[in-house]
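Chain residues, written in single-letter form:
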Amino acid sequence: MTHNFEKLKNHILPLSNSQNFDVARQEWVLDAVEVSEEFDSCPCGQSIKEHCYLRNKVTGFRTYVGNVCVNRFIGIETGSLFDGLKRIKAGLSANANLAVIEYAETKGFLFDKEPGFLRSTARKRKLSVAQKAWKEKINRC
């Protein structure tokens, strides 16, 4: 199945203040993301595992779309965020990329020195035993 712009538009516009899609898409912000184990359906009709939960700043409505639709049609870039999340999901000792660190920080998932620690070790390949243990603890959350 392919991404159907008209289906997505028909889903987004009733939840938006503006009925002009180019204006309406500016009303939406990324609220949360999730990588699912099982497939779901994007409003465009595409099967998805990468969910982008959106909130309309004007109407307060919430919905979700797939990663491709949020990038292509709504204009919100999430590619590196999902790449980082999938890397961590594959192994708890994986380094978080900057997109994941910023997302986790803005959502209040990181505390005290954790953001600085993750930034300072994001590109390191060799960590001490203590650093590796702390990174795995953070990545479990």
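Refer to the preceding data block for the structure.
Notes on the structure in this doc start here. (Residues numbered from 1 in each chain as written. Predicted model: local features only at pLDDT ≥ 70, side-chain atom pairs only at ≥ 80, totals over all residues. Heavy atoms only, no water.)

1. Remarks on the environment of Leu-98
Thinking step 1. Within the element layout of this structure, Leu-98 appears in helix H5 (residues 98-106).
Thinking step 2. Leu-98 sits in the partly exposed class, given a relative accessible area of 42%.
Thinking step 3. For the pair Leu-98 and Pro-115, spaced 17 residues apart in sequence, the C-alpha to C-alpha distance is 9.8 Å. (Helix = DSSP H or I, 4+ residues; strand = E, 2+ residues; numbered from the N terminus. Buried < 20%, exposed > 50% of the residue type's maximum accessible area, 1.4 Å probe, protein only.)

2. Focus on the pattern of salt bridges
Thinking step 1. Inspection of every chain in the model, using the stated rule, returns 7 salt bridges.
Thinking step 2. Here Glu-105 makes a salt bridge to Arg-119, at a shortest N to O gap of 2.7 Å. Residue Glu-105 is located in helix H5, and its partner Arg-119 is located in helix H6 (residues 114-121); the two are separated by 14 residues in the primary sequence.
Thinking step 3. What emerges from the salt-bridge pattern is a single network uniting Asp-31, Arg-55, Arg-62 and Lys-107. (Salt bridge = Lys/Arg side-chain N within 4 Å of Asp/Glu carboxyl O.)

3. Focus on the packing of aromatic side chains
To describe a pair of aromatic rings, one takes the distance between the centres and the angle between the planes.
Thinking step 1. Summed over the entire model, instances satisfying the criterion amount to 5 aromatic pairs.
Thinking step 2. Ring geometry for Phe-5 and Phe-21: centres 5.2 Å apart, planes at 90°, overall edge-to-face. You can see Phe-5 sitting in helix H1 (residues 5-12) and its partner Phe-21 sitting in helix H2 (residues 21-24), a full 16 residues away along the chain.
Thinking step 3. Take Phe-5: its relative accessible area is 29%, and that puts it in the partly exposed class.
Thinking step 4. Pairwise contacts between aromatic rings join Phe-5, Phe-21 and Phe-73 into one cluster.
Thinking step 5. The ring of Phe-39 carries Lys-49 above its face, with NZ or CZ at 4.7 Å from the centroid. (Phe/Tyr/Trp six-rings, centres within 6.5 Å; stacked < 30°, edge-to-face > 60°. Lys NZ or Arg CZ within 6 Å of the ring centre and 35° of its normal.)

These figures capture arrangement, not role.
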